[in-house]
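Listed below, chain by chain, are the residues.
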Amino acid sequence: MLKYSIVNINRSSLVEQVASHMEVGAELSFAYLSPSAGSIVRVHEFDHDSVYEWLSRSGHLEMIPNLPSQDLYLWMVDFTENETRGTLQKKLLRSLTGVSAVWKFRNVLYHEDDAALRWERFKRKKLVETARAWFEAV
């Protein structure tokens, strides 16, 4: 069964909404932007024969790319090297080694409220920059 949600947005918040949809990629759904309508459609349980796939192939919709986990990891490294110091930095650097680095990083921040807020601001800024660059290229 195809499930979808439509988000109607004004042009001033379009980049913000695209950034939010770029981050959601892990839930096995896909978002499409209709530049002419200024709306975003998120399709769950993706069907390769869906009308949204056809509209995307025909140029009426643009598929919003999901943020690659490698980019998220590199942002975590950048944040850790530039935004933190001391014991917290050591814990975060240690969390970024080996398997499940993203999960371990978030687990360290779970116990550090101020650092978690700084991370969310840092990540949001990066997402908006990425969304803006993608949006301008579309």
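Higher on the page you've got the structure.
Here we summarise the structure given alongside this text. (Residues numbered from 1 in each chain as written. Predicted model: local features only at pLDDT ≥ 70, side-chain atom pairs only at ≥ 80, totals over all residues. Heavy atoms only, no water.)

## Some words on unusual backbone geometry
Test applied: Runs of H or I in DSSP of at least four residues are treated as helices and runs of E of at least two as strands, each being numbered from the N terminus.
Here the phi dihedral of S100 falls at roughly 65°; this positive angle occurs in a residue that is not glycine. When you line up the elements, S100 lands in the loop between helix 4 (86-95) and helix 5 (101-110).

## As for the pairing of strand 2 (residues 29-34)
Selection criterion: The classification of residues rests on relative accessible area computed with a 1.4 Å probe and restricted to protein chains. Under 20% of the type maximum is buried, over 50% is exposed, and intermediate values are partly exposed. Two strands qualify as a pair provided that DSSP identifies no fewer than 2 bridges between them.
For strand 2, the buried fraction is high: 5 of the 6 residues fall into the buried class. Sheet topology places strand 2 next to strand 3 (residues 39-44); 6 bridges connect them, and they run antiparallel. Bridge pairing in strand 3 places F30 opposite V43. Between the antiparallel neighbours strand 2 and strand 3 lie 4 residues, among them G38 with a positive phi of about 65°. In this sheet, strand 4 (residues 62-64) lies alongside strand 2 in antiparallel orientation, the contact comprising 3 bridges. When the bridges of strand 4 are listed, Y32 appears paired with M63.

## A look at the pattern of salt bridges
Heads up, the rule is: For this analysis, a salt bridge means a side-chain nitrogen from Lys or Arg found within 4 Å of a carboxyl oxygen belonging to Asp or Glu.
Applying the stated criterion across every chain, the model contains 5 salt bridges. Across the pair E16 and R124 runs a salt bridge whose closest N-O atoms are separated by 2.7 Å. Here R124 lies in helix 6 (residues 113-137) and E16 lies in helix 1 (residues 14-23), a separation of 108 residues in the sequence. The class of E16 is partly exposed, set by a relative accessible area of 37%. With relative accessibility at 25%, the residue R124 sits in the partly exposed group. Salt-bridge contacts for K125 lead to E129; the nearest nitrogen and oxygen are separated by 3.9 Å.

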